[in-house]
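Chain residues, written in single-letter form:
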Amino acid sequence: MLIYCCNNYHHMGNPQFIKKTLTSCIIISILLIGMSYSSHYIVQSISAKSSSYDKASSSSKDSSSSSSKDSSSSSSKDSSSSSSKDSSSSSSASKGNTSSIALNAVELKNETYRWQNTSEAINPTLHLISNTDYLIKIKNPTDTKHELIFASNGTELAKSNEIKPDKNGKLNFNANSTGTFEYHCEYHPDTMKGIIEVTSK
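Procedures and definitions
- Residues numbered from 1 in each chain as written.
- Predicted model: local features only at pLDDT ≥ 70, side-chain atom pairs only at ≥ 80, totals over all residues.
- Heavy atoms only, no water.
- Helix = DSSP H or I, 4+ residues; strand = E, 2+ residues; numbered from the N terminus.
- Buried < 20%, exposed > 50% of the residue type's maximum accessible area, 1.4 Å probe, protein only.
- Phe/Tyr/Trp six-rings, centres within 6.5 Å; stacked < 30°, edge-to-face > 60°.
- Contact = heavy atoms within 4.5 Å.

Participant: Could you clarify how one ought to interpret the environment of K201 in this entry?
Facilitator: Relative to the elements of secondary structure, K201 occurs in the segment after β9 (193-199). Classification of K201 as exposed rests on a relative accessible area of 82%. When the C-alpha positions of K201 and L128 are compared, they lie 8.5 Å apart, and in sequence the two are 73 residues distant.

Participant: Mind showing me how you'd approach unusual backbone geometry here?
Facilitator: Trans is the prevailing form of peptide bonds, just as negative phi is the prevailing case for residues other than glycine. Phi angles above zero are rare outside glycine, and E111 is one such case at about 55 degrees. Along the polypeptide, E111 turns up in the loop between β1 (99-107) and β2 (113-116). Its relative accessible area of 58% is what places E111 among the exposed residues. One non-glycine residue, E120, lies in the positive phi region at around 70 degrees. Here E120 lies in the loop between β2 and β3 (126-129). Of the residues examined, E120 reaches a relative accessible area of 60% and is grouped as exposed.

Participant: It is not clear to me how the packing of aromatic side chains should be interpreted in this structure. Could you clarify?
Facilitator: Aromatic ring pairs: the centre-centre distance and the angle between the two ring planes describe each pair. Using the criterion set out here, one finds two aromatic pairs in the structure. Pairing F150 with Y183 gives two aromatic rings, centres 6.3 Å apart and planes at 50 degrees, and the pair type is tilted. Residue F150 is located in strand β5 (residues 148-152), and its partner Y183 is located in strand β8 (residues 179-185); the two are separated by 33 residues in the primary sequence. Each member of the pair F150 and Y183 is classed as buried.

Participant: Sorry if this is basic, but what is going on with the side chain of H188 here?
Facilitator: Residue position: H188 is located in the loop between β8 and β9. Of the residues examined, H188 reaches a relative accessible area of 17% and is grouped as buried. Ignoring any residue separated from it by four or fewer positions in sequence, one finds H188 in contact with Y113, T144, K145 and H146.

Below you can see the structure in the form of structure tokens.
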């Protein structure tokens, strides 16, 4: 436009009019150039802001995903640790439920043998609780061998090893039902015998 105005400068008759026209053309040209640069700057600014927003959104999503994974991993570890502790606790409780009973062989007059507990009761009744592990610890200070047997109506439920003179033995027992049972010595069944009472509590 500026060039057009300059080319037509000599074709216009009024110098004052020509001066005003030329000034207007210059101002309009400057305004158009300024608007062009401003438009380009605004487009770049909007594009930069959009890119920055997309990066921030992507970073936020990655952070959220990472946090979720860490939380899931931590929860899994805690659950595993808790399960391991519960299993260990259960195992310890199971071991802790084993009860010990002492039962010793004794010799009375005329080579008569009996069972005796720590309270010195002869052929004592054994009071047991069902579904509980018991360890019967046996001592044999006599001059003959013994063997402890737990039975029910003639059916053997459990027995110890053969216990030689001045030796010790043991018997492991767990009654899975309540009721009355019996115990005796394999070699002295008539004199070394007693009752076992199993209850739920």
